[in-house]
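Descriptive structure summary
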Amino acid sequence: MDPGGTFIDYYTRVFHINNETINIWSHLLGFIYFTYQQYYTNCVVLPSIGSHPADHIVFTLSIFGMQICMFLSASYHTFGCSSIVMRQKWLKMDVFGISAGLLGMYLNGIYTAFFCFQINDTNGCGMGENCCKVKKSSSLSDDATPGYTGGERKRKLQLSSLSDCAPYDATQEIIFPPELKHKNFDSLSFAYDHHHTKWYQPVDYDDLLTLKRELPHARLISGNSELAIELKFRFIDLPVLINPKQVKELYVKRVEENGVYMGTGMSLTDMDRYVVKLMNELTVEQVKVLQNIHEMLHWFAGTHVRNVASVSGNIATASPISDLNPIWMAANAQVVLDSADRGERRCCIDENFFLGYRKTCIRSDEVIKAVVVPLTTKNEHFAAYKQAQRREDDIAIVTGAFFVKINPDTFIVEKIRIAFGGMAPTTKLTLTTMSKLEGQFWSQGFLDQALSLLSEEMKLPAGVPGGMSQYRLSLALSFFFKFFLKVSKDLNFMEVQNVEQNLTIGNTIPKSLNATQVYQEVNDKQKYDDPVGRPLKHVSGDKHTTGEAVYCDDINVADCLHIAFVTSPIAHGTLNSIDYTAALHLNGVIGYIDAYDVYTGAQIGHHNDTPVFVKDEITFHGQPIAAIVATDHEIARKAASLVKLDTAAKKPIVTIKQALEADSFIFKHFVIHSSLNDNETVVKNDWSKYERVVEGSIDMGGQEHFYLETQQCIVIPHEDDELEIIISNQCVNDVHIEVAKCLGIAQHKISTTVKRIGGGFGGKESTGAILAVPASLAARKFNKPMKLKLERFDDMAITGTRHPFTLQYKLAVDENGKFIDLDYTAISNSGHTMDLSMGVMQRAMVHADNVYKFGNADITGKMCKTHLASNTAFRGFGGPQGMFGTEIMVKHVAEQFNWDHDEIREKNFYQEGDCTPFGMHLNQCNVTRTWKECKTNSDYCKRLEEVKKFNSENKFRKRGIYLTPTRFGIGFGLKQLNQAGALVLVYTDGSVLVSHGGMEMGQGLHTKILQIAARCLEIPIEKVHIRDTATDKVPNSSATAASVGSDLNGLAVQDACRQILERLEPFKKENPEGGWLEWVNSAYVNRVSLSASGFGIIHHEPVDFFNGKGAELFGYSVYGTAACEVEVDCLTGDHHLLRTDIVMDVGESLNPAIDIGQIEGAFIQGYGLFTMEEIKIRPDGIRLTRGPGTYKIPSADDVPKNFNVSLLGNSSNKMGIFSSKAIGEPPLFLGSCAFFAIREAVRAYRVQNGKKEYFVFNSPSTPERIRMACEDFVTQHVPALPEEGSYTPWTASV
Ligand SMILES: Cc1cc2nc3c(=O)[nH]c(=O)nc-3n(C[C@H](O)[C@H](O)[C@H](O)COP(=O)(O)OP(=O)(O)OC[C@H]3O[C@@H](n4cnc5c(N)ncnc54)[C@H](O)[C@@H]3O)c2cc1C
């Protein structure tokens, strides 16, 4: 099936059906199509699918786990008029969506997401009471005419509004494509045989049972959400499949004497609908279990999974972290099993049902027919709770379900059932606790006894699989406590402490998103067709949303072969031998390449330290050892899994701590001494003289890039050793250089091209050669085009992450809180090679001051060499890590000396002209302006008081509000990189083609460049076009990184345009009334060149990091401040981000829509970094987080529902093109504001519990960290961990 043709044709037809809804639907359909493409390129499809008419009924479509995130290039404006590409995160799984209504059902989810992002026009303005809509006289306006500030530039409040869109109309739901329904196969019985797979689709129930009897090892394929994972990741053989979806007996639902009978063929969505129906029809007392099923389903996977996944699949899978199984167990539900030979039996879902890890007592010839859930009675109570790493679309860490029957007269517990998921290899019924609690009196003592019993029965060993032993037990206990209070409240049993407490967080959060985007309109005098400064939509926005935007994987090259890596199963050791035999026997395998195909000594990386393939020594888990070449991507993958490796493991160095102990560094240490700015030698102060000193250390975790498009490339060999490389990468030049180097060919024989990339975030800055070199070697060896695309699973293992850091500090302050002296050491976990670790460390060091003036500062940087994939660039490039340590230090000072942290900050803010420790003088230093404006916009002082009041009234829910400032220096750390080239070609029809060295990765660079070119040439923007970035158009270009894409490339384009204008000048003079076209043609006729190459540089002065002497490193800095308010559930560690306000200084914005999109996206990405995203690596270096199932980035639900971004007015920048400032990286650190707000809430809980002293709270603030920092009577029941070294923890703190 051609993913492009079928779908786009179909959607195009739909567009024509209804032009009215095209606005919304074109986005939504594009969304699906795009997702489909993304999915399709990453899935395994059963051999039977793809070339047969049955394709049309067994319609493969899986858009699972669509998680809409506002990231780097993200903005919800995608859905509005100003479209900026949105960074979407999709789980890519191989799932058969067989349901005929599937497509329509998917739309429900997408539509929900769509409305998550809608802007409410009537309220929620970040200006609060000062909103112009409240105060009609305000100077702010949301329409174009009134509202001047400063008499020149108007302030606008919103970039776009959805109010013009047609409202949702259910009749316009897309139907399942009729042409995909072939001969009514969807309702017929049939068997289908293709290659080694047999597919049965019975319609008759008896046929189903007979098939299961005759084929006991056949798997039933219901929603395929579980099987697909086994297929994709474990390459399981599925020779026989039975699809029971057409058997109507599996859909029976009724209320019967024993409870509610629900056919397990129903999807979870259908089951939920039935449950809701019953909740409306039955009495409140009867539906207590049903209500909890309904509530649990809301947090069960995402809409897309629920739309296909079945209850039977969930029960049969017997996952220990199933969300429903604890409910079935606690509710004493039964499962109805049926077989051809023995007939129907009913089986309790209890301790005898789940026999072991993913094992049940269901026999091989049995089918799960239904589940029967008892209805509750008046004296019965039920509740279920789930806690996951992320609230939405995530599997549970622990799920608890509780049932109790209490005698209303005696308050004696007659029956209690407690079940937990996530606490053992199976869903667990707490039999001992239950038996001891039955017959007891419901009282405060009952709670204490229950907590003690549960903590004993559910105790987990310190190194338990899955880790988090203490947290998981705390959750189990906290859930019981919540249940206890809930039942006490229902019983009106007021003798119990805290019974009045409301334990549910997020109650006050509005459903819709309230957002404002405040920016200044261009000056009235600006020419109407001069696009600079206007909020133009992303030039590819429509194509992104309709799916027409072409990415690397969309390019099909004739005769292309495919490559898949064979990777290392260990982190450190020796490779003894490789056996390719089994792989080479697989049909479709062409051959392999490995270290013996690489020239001796050829290594990749700026420092020539990264082997293309392992030859002898393995240095990280996932390291490429060889690559299989095959006719198809999936065959290559499967063959790679069949290669046998003989390895000998050695003990790896995984953590910073281990590296420090082993003196394992990648390079010598760097230093900065601020005293060298004024002195010849380093001044060392006597620290014993300082009266107030704080000293501490904090850890900050890494971050996976999780770009939407995984890394991929195509290499096409041509004559004379020429290679054409098409790649998804941020640096065509590095790819170019590395391939030339490793293949021993001149650079002029290679052209490297990028059309656009689906997100990079730094992850595609230096890693392109890891793919391009092997693909080029293979293209050479087999003389065929090669495609190499990494599965997410491999991408996350191979390509490195943001560097984890440990930040050590010693700070002296005077009696007024002024920072006198700083000793700061930043230590990074660099992984196995240098990659960009040097630059990352240097940037961390020059941001260690953040926005504060220190009397003296000595800053050291150490880069640890470990057995991990080489950590690499990531938006912020070390800056956020450097600033994080500093902000923690400020907090430490404030808490240790009982000072107001905001006052401390204000006292130490940089002032105009101040010099940083690394020798840069700050001009146009806008930190105080952004701080003050953010404080005002967010109504910080008033809300701080409200937070204090809330905290005094709520014992287990706490709020925190915080302000965080940032400064970010603009420019590459390496001088030579601060240059760019451009090529501008003018054609005789007046159209202009611009090429430059920057990559479009959704951040809007090409849009800004078009604006710049249009202004420079004084022509409408429509006349200018950009095709792609290529090394044969602009040579030696730097990576699109360091936020300087538009600064650098914009200058180069400006230079080229200037040359062309100069050449046109005589013709303009000659014919002043003529227009662009005439002048261009006159130039042509007079044999004047209409092409020009431009060049641009930006300021840089190198700092001497070996001796510590500073310099005017950057041309300028970008400033910003964020205010965040959060609410924390101290019993579970869950939190909600209630509101965020940001004021950002972008100078005179080139494009406010794109800049605000960048700010929103960067904030959310930073929020993920500091609160949620956790890379998990085992102590032996095995990477656990290798996909969206285990690694969680923020979802739509995590975006603050009140989100206000304001661009600082009246700011300019003489160092930036057209007075603008760079924006890609600077706002990312503001995401830490949410972390600090969470820490404030945790602190409030700790203070309430008598713990007033400063506490170490590492980043990210995961639910586990939050809960374990909230020490209380529950955590007292949790045994301490054994001494370090006496056990192997599940994960290492890298
Ligand atoms: C992205 C994602 C998120 C998820 N999130 C959650 C979550 O939050 N909470 C949670 O609990 N689970 C979660 N899951 C797991 C998921 O819910 C289960 O995998 C799903 O319920 C399985 O149902 P299915 O119909 O897709 O099963 P399938 O994949 O079709 O089948 C799974 C197994 O069940 C067997 N089977 C199917 N039907 C029958 C039957 N009638 N009789 C006997 N055996 C049968 C099959 O033979 C197979 O072995 C998630 C899964 C995904 C992919």
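Residues numbered from 1 in each chain as written. Predicted model: local features only at pLDDT ≥ 70, side-chain atom pairs only at ≥ 80, totals over all residues. Heavy atoms only, no water.

This part is about unusual backbone geometry. Negative phi values dominate among residues other than glycine, just as trans dominates among peptide bonds. With an omega dihedral of 5°, the bond running from S1259 to P1260 counts as a cis peptide bond. Here P1260 lies in the loop between α30 (1232–1248) and α31 (1263–1269). Here the phi dihedral of F877 falls at roughly 50°; this positive angle occurs in a residue that is not glycine. With respect to the helices, strands and loops of the structure, F877 is situated in the loop between β37 (856–865) and α22 (879–896). At S1043, a position not held by glycine, the phi torsion is positive, near 65°. Residue placement: S1043 occurs in the loop between β42 (1029–1030) and α27 (1045–1070). (Helix = DSSP H or I, 4+ residues; strand = E, 2+ residues; numbered from the N terminus.)

We now examine the site of the ligand. If you check the shell around the ligand, you find 29 residues, and the closest are S222, G223, S225, E226 and S310. Within the contact set of the ligand, an oxygen atom lies 2.8 Å away from a backbone nitrogen or oxygen of N224. Across the complex, the protein chains shield 92% of the 980 Å² of accessible surface that the ligand would expose by itself. When residues of the shell around the ligand are assigned to their parent elements, the largest contribution, five residues, is made by helix α9 (residues 311–317). (Near = heavy atom within 4 Å. Polar contact = N/O pair within 3.5 Å; in protein donor to acceptor, adjacent residues only side chain to side chain. Areas by Shrake-Rupley, 256 points an atom, 1.4 Å probe, with all protein chains shown as cover.)

Running from amino to carboxyl end, helix α26 (residues 1005–1017) crosses α27 at an angle of 30°, the nearest separation of the two axes being 9 Å. Our classification of the angle between α26 and α27 gives roughly parallel. Along this stretch, α26 crosses α27, giving a crossing that reads as right-handed. Of the residues in α27, those touching α26 at L1005, K1008, I1009, I1012, A1013, C1016 and L1017 are G1045, S1046, N1049, G1050, V1053, Q1054, C1057, I1060 and L1061. When grouped by side-chain class, the residues that make up the contact of α26 with α27 number 10 nonpolar, five polar and one charged. (Axes fitted to C-alpha atoms, helices over the stretch in contact; angles between N-to-C directions. Parallel < 35°, antiparallel > 145°, perpendicular 65-115°, else oblique. Left-handed = near helix turned anticlockwise from the far one by under 90°. Contact = heavy atoms within 4.5 Å. Nonpolar A, V, L, I, M, F, W, Y, C, P; charged D, E, K, R; others polar.)

The next point concerns the sheet that holds strand β9 (residues 253–256). Strand order in the open sheet made by the five strands is β9-β10-β15-β11-β12, with antiparallel pairing throughout. Where the open sheet ends on each side, the last strands, each with one partner, are β9 and β12 (343–348). Strand-to-strand twist across the sheet, computed as the mean angle between neighbouring axes with direction ignored, equals 25°. Examined bridge by bridge, strand β11 (residues 334–339) and strand β15 (residues 367–373) share five bridges and lie antiparallel to one another. Bridge pairing in β15 links Q334 to V372. (Pairing = 2+ DSSP bridges.)

Taking strand neighbours across the sheet as the criterion, the eight strands line up as β23-β27-β21-β34-β31-β32-β33-β42 in an open arrangement whose pairing is mixed. Edge positions in the sheet fall to β23 (589–594) and β42, since each of these pairs with one other strand and no more. For strand β33 (residues 750–754) and β42, the ladder comprises two bridges, and the chain directions are antiparallel. From the neighbouring strand, V754 faces β42, where its bridge partner is T1029. Strand contacts of helix α16 (residues 633–642): β21 (561–567), β23, β27 (624–630) and β34 (786–789), with the helix running at about 25° to β21, the strand carrying the most contacts.

By secondary structure assignment, the location of H996 is in strand β40 (residues 992–996). In sequence terms H996 and A982 are 14 residues apart; their C-alpha atoms lie 4.1 Å from each other. Non-local contacts of H996, meaning those with residues more than four positions away in its chain, are made with G981, A982, L1005, H1006, I1009, I1026, T1029, V1034, N1049 and V1053. One polar contact links the side chain of H996 to the main-chain amide nitrogen of G998, over a distance of 3.0 Å.

Glancing now at the packing of aromatic side chains. Under the criterion given, the structure shown has 43 aromatic pairs. Measuring from centroid to centroid gives 5.4 Å for F1235 and F1257, while their planes differ by 35°, and the two rings are tilted. Taken as a pair, F1235 in helix α30 and F1257 in the loop between α30 and α31 lie far apart in primary sequence, 22 residues in all. In textbook terms, an aromatic cluster arises when at least three aromatic residues are bridged by ring pairs, as seen for Y385, F402, F420, W442, F446, F479, F480, F483 and F484. The cationic tip of K781 hangs over the ring face of Y592; the distance from NZ or CZ to the ring centre is 5.5 Å. (Phe/Tyr/Trp six-rings, centres within 6.5 Å; stacked < 30°, edge-to-face > 60°. Lys NZ or Arg CZ within 6 Å of the ring centre and 35° of its normal.)

Another point: the environment of L491. If you trace the backbone, L491 turns up in helix α13 (residues 469–491). As for L491 and P408, which are separated by 83 residues in sequence, their C-alpha atoms are 8.0 Å apart. Here L491 is in contact with H381, I406, F411 and W442, once residues within four sequence places are set aside.

Now for the pairing of strand β20 (residues 514–520). In terms of residue burial, β20 counts as a mostly covered element, since seven of its seven residues are buried. On β20, burial covers both faces: N514, T516, V518 and Q520 on one face and A515, Q517 and Y519 on the other are all buried. Bridge analysis of β20 against strand β46 (residues 1202–1207) gives five bridges, and the strand direction is parallel. Looking at β46, one finds that N514 is bridged to N1202. (Buried < 20%, exposed > 50% of the residue type's maximum accessible area, 1.4 Å probe, protein only.)

To continue, consider helix α23 (residues 901–908). Buried within α23 we find H901, D902, I904, R905 and N908. All buried residues of α23 fall inside an arc of 160° around its axis, so they share one side. The opening residue of α23 is D900, an N-cap whose side-chain oxygen sits 2.7 Å from the backbone nitrogen of D902. (Arc of directions from axis to C-beta.)

Before going further, it helps to spend a moment on the confidence of the model for the protein chain. The predicted model of the protein chain averages 88 in pLDDT, with 88% of residues at 70 or higher. Counting contacts from residues 1–128, a segment whose pLDDT is below 50, to residues more than four positions away or on other chains yields 389 contacts. In the predicted structure, residues 130–151 sits below a pLDDT of 50 and forms 38 contacts with residues beyond four places in sequence or in another chain. (pLDDT = per-residue confidence, 0-100.)

Okay, the pattern of salt bridges next. Considering all chains together, one arrives at 64 salt bridges under this definition. Salt-bridge contacts for E281 lead to K277; the nearest nitrogen and oxygen are separated by 3.2 Å. Taken together, the residues span about one helical turn, with E281 and K277 both in helix α6 (residues 268–281) at a distance of four residues. Close ionic contact of D902 with R905 constitutes a salt bridge, the shortest N to O distance being 4.0 Å. Separated by three residues within a single helix, D902 and R905 lie in helix α23, roughly one turn from each other. Grouping residues by exposure puts D902 and R905 together as buried. A single salt-bridge network, built from bridges that share partners, covers R943, R957, R959, E1125, E1127, R1139 and D1141. (Salt bridge = Lys/Arg side-chain N within 4 Å of Asp/Glu carboxyl O.)

The next subject is the nonpolar core. Counting 247 residues, the largest nonpolar core has M262, M271, I293, W328, W442, F480 and F884 as the members making the most contacts within it. Among the elements that take part in this core, α13 stands out by supplying 13 residues, more than any other. Counting 42 residues, the second largest nonpolar core, distinct from the first, contains A602, V612, I750 and A779. (Core = buried A, V, L, I, M, F, W, Y, C linked by side-chain atoms within 4.5 Å.)

The next subject is helix α4 (residues 205–214). Listed in full, the buried residues belonging to α4 are Y205, L208, L209, L211 and K212. Buried residues of α4 fall within an arc of 160° about the axis and therefore sit on the same side. Across from the buried face of α4, at angles greater than 90 degrees, the exposed residues are D206 and E214. On its buried face, α4 sits against β6 (197–201), β7 (219–220), β8 (240–242), β11 and β15.

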